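Understanding the architecture of this molecule
What follows is each chain in one-letter form.
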Amino acid sequence: MGEIIIMPKQGLQMTEGMITSWLAAEGQEIKEGEPLFEMETDKLAITIDAPCSGTLLKILCQEDEIAEVASPIAVVGEPGENYEDILAGNPGAKAPADSAESAGSAANTTDSVSEPAAEIPASKASPETSQERIFSSPRARTTAQEKGIDYRALEGSGPDGLIIERDVLKAAAQAAPSKGAEGKTRQIPITNMRRIIARRMLDSLGTLAQASHRLTVDMSEAVRLREQLKARDIKVSYNDIVIRCTAKALTEFPMMNATMDDSFITVRDYVNIGVAVATEQGLLVPVIQDAHLLSLQEISRRSQDLSSRAKENRLMPDELTGGTFTISNLGMYDIESFTAIINKPEAGILAVGKMEKKPAVRNDELVIRPLMQLSLTYDHRIVDGAPAALFLRRIKELLENPGLLL
């Protein structure tokens, strides 16, 4: 009996996803557990395995199309079976299981595998080299021909080494000479992740009453603490210290840890801190759950793990949801200060700038201290200016006196 494959739900807040690449063509046999298609949500680019075996009779959601969760995207059945009869009969739709497998840079993949991808070039068709088959998608071959690229020499980044259009475009860009002022423009397709990031940023700015406060922190004691820990072979970053101080401050200022809808302000008694991470696919915000209960070392371990897996696109969907407050640090890019946009529906976001040795006045004397600027953006509908200022000042106090964390 035929089956209908539906758009799987990858994470609690996911409502839609975009198919970026089908890895099988209509009429092709598929096997349960093998990669079937690549998709994007607002947070992830992932490869989804086939939930059943059979013949891929019909693809209902084409590449670069967006489908809602649980909507039909393909029909699988026996060879020659009428897919319309399966749809009309409405047998039990089958959803692929959540996948933690990364599609690498699948957020940029736009290949269409509309015919069998395997191709054996004449130069490699001899019995002695029959194992050296070149697998490539039709779009990759077409693009290679247009740009004069020998795709057979490329290393494929698709499933099982499949050469896809992205590989050809990368090779063409590397081969193209610089033309300076006479260079041509190029267009980059907008991925679903980038589209949703843009939509959410505009929605955040358009619907929240965003205001900001800024102050400078003397990080001398934080530096001393980090050096003491390092001497004991305990490695933590300054951002870990900021996270720990912010988590404690949020327990003391619960309105900064709240959300608001038309009827209620919801105040949480737990602190889940999202840490903004820049990746090739776009901005991701993995969440450190229950940060208020964690030691500095535990925060460091979780932060490093989440950050590294975010950059490798190996995060689970649930690790990107549930945040109650966000921290964004651009100090590593030499940014001294900036104003961040609130990660809706949270009440605030802390922007962390570069720590730098600068002149400061202490006890009427000019001294050199490691200074760092913090900028708090908050939703003025939930939190007034004075409480927001006190919250930011409390973070400063904790950073300048980390012994208060004990």
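Residues numbered from 1 in each chain as written. Predicted model: local features only at pLDDT ≥ 70, side-chain atom pairs only at ≥ 80, totals over all residues. Heavy atoms only, no water.

A closer look at a nonpolar patch on the surface
A cluster of nonpolar side chains, namely Met255, Met260, Ile265 and Val267, defines an oily patch on the protein surface of about 290 Å² accessible area. Residue placement: Val267 occurs in strand β13 (residues 265-267). (Patch = residues over 30% accessible without salt bridge, like charges linked within 9 Å, V, L, I, M, F, W, Y side chains within 5 Å. Areas by Shrake-Rupley, 256 points an atom, 1.4 Å probe, with all protein chains shown as cover. Salt bridge = Lys/Arg side-chain N within 4 Å of Asp/Glu carboxyl O. Helix = DSSP H or I, 4+ residues; strand = E, 2+ residues; numbered from the N terminus.)

Considering the pattern of salt bridges
If you walk through the whole model with that rule in mind, you get 18 salt bridges. Note that Asp305 is salt-bridged to Arg309, the shortest N-O span being 3.0 Å. Pair noted here: Asp305 and Arg309 are both in helix α7 (residues 296-311), with a separation of four residues, about one helical turn. Residue class for Asp305 comes out partly exposed when judged on its relative accessible area of 35%. For Arg309, a relative accessible area of 11% translates into the label buried. A salt bridge links Lys354 to Asp334; its shortest N-O distance comes to 3.4 Å. Placement of Lys354 in strand β19 (residues 348-362) and of Asp334 in the loop between β18 (325-329) and β19 is noted, with a sequence separation of 20 residues between them. Given the relative accessible area of 24%, Lys354 is considered partly exposed. Exposure remark for Asp334: the relative accessible area of 53% places this residue in the exposed category. Three or more residues are tied together by salt bridges with common partners; here these are Lys248, Glu252, Arg394 and Glu397. (Buried < 20%, exposed > 50% of the residue type's maximum accessible area, 1.4 Å probe, protein only.)

Observations regarding the pairing of strand β2 (residues 16-22)
Regular strands show a simple pattern: their side chains alternate between the two faces of the sheet. Counting buried positions along β2 yields six of seven residues, so the element is predominantly enclosed. Sheet topology places β2 next to strand β4 (residues 35-40); four bridges connect them, and they run antiparallel. If you follow Trp22 over to β4, its bridge partner there is Phe37. (Pairing = 2+ DSSP bridges.)

What about the packing of aromatic side chains?
The full count for this structure, using the stated rule, is three aromatic pairs. Relative to Phe37, the ring of Trp22 has its centre 5.0 Å away and its plane inclined at 50°; by these criteria the two rings are tilted. Linking Trp22 in strand β2 with Phe37 in strand β4, this pair joins segments that are 15 residues apart in sequence. Exposure class is identical for Trp22 and Phe37. Each is buried. (Phe/Tyr/Trp six-rings, centres within 6.5 Å; stacked < 30°, edge-to-face > 60°.)

Notes on the nonpolar core
Ile73, Ile273, Leu350, Leu374, Leu376 and Leu399 are the most contacted members of the largest nonpolar core, which totals 73 residues. Looking at this core element by element, the count peaks at seven residues for helix α6 (residues 238-252). Beyond its immediate chain neighbours, meaning those up to four positions away, Leu399 contacts Val217, Met219, Glu221, Ala222, Ile241, Val242, Cys245, Met372 and Leu374. (Core = buried A, V, L, I, M, F, W, Y, C linked by side-chain atoms within 4.5 Å. Contact = heavy atoms within 4.5 Å.)

Some words on unusual backbone geometry
In this chain, Lys344 is followed by Pro345 through a cis amide linkage whose omega measures 10°. Tracing the chain through its elements places Pro345 in the loop between β18 and β19. At Asp290, a position not held by glycine, the phi torsion is positive, near 50°. Mapped onto the elements of the fold, Asp290 is located in the loop between β17 (287-288) and α7. Residue classification places Asp290 among the partly exposed positions, given a relative accessible area of 33%. With a phi angle near 65°, Asp364 is a residue other than glycine that sits in the positive phi range. Position of Asp364 relative to the elements: it lies in the loop between β19 and β20 (365-379).

Section: the sheet that holds strand β11 (residues 210-218)
With mixed pairing, the six strands of this open sheet are ordered in space as β11-β20-β19-β18-β14-β17. Looking along the sheet, the strands with just one partner apiece sit at the ends: β11 and β17. Looking at chain direction, β19 and β20 are connected through 13 bridges and run antiparallel. Counterpart to Pro359 in the pairing with β20 is Ile368.

Comments concerning the sheet that holds strand β1 (residues 3-6)
In a beta sheet, neighbouring strands pair by backbone hydrogen bonds and run either parallel or antiparallel. The four strands lie next to each other as β1-β8-β6-β3, forming an open sheet whose pairing is antiparallel. The sheet terminates laterally at β1 and β3 (29-30), the two strands that pair on one side only. Across two bridges, the pairing between β3 and strand β6 (residues 54-59) is antiparallel. The residue of β6 that forms the bridge with Glu29 is Thr55.

By themselves, these observations are geometric and do not establish any function.
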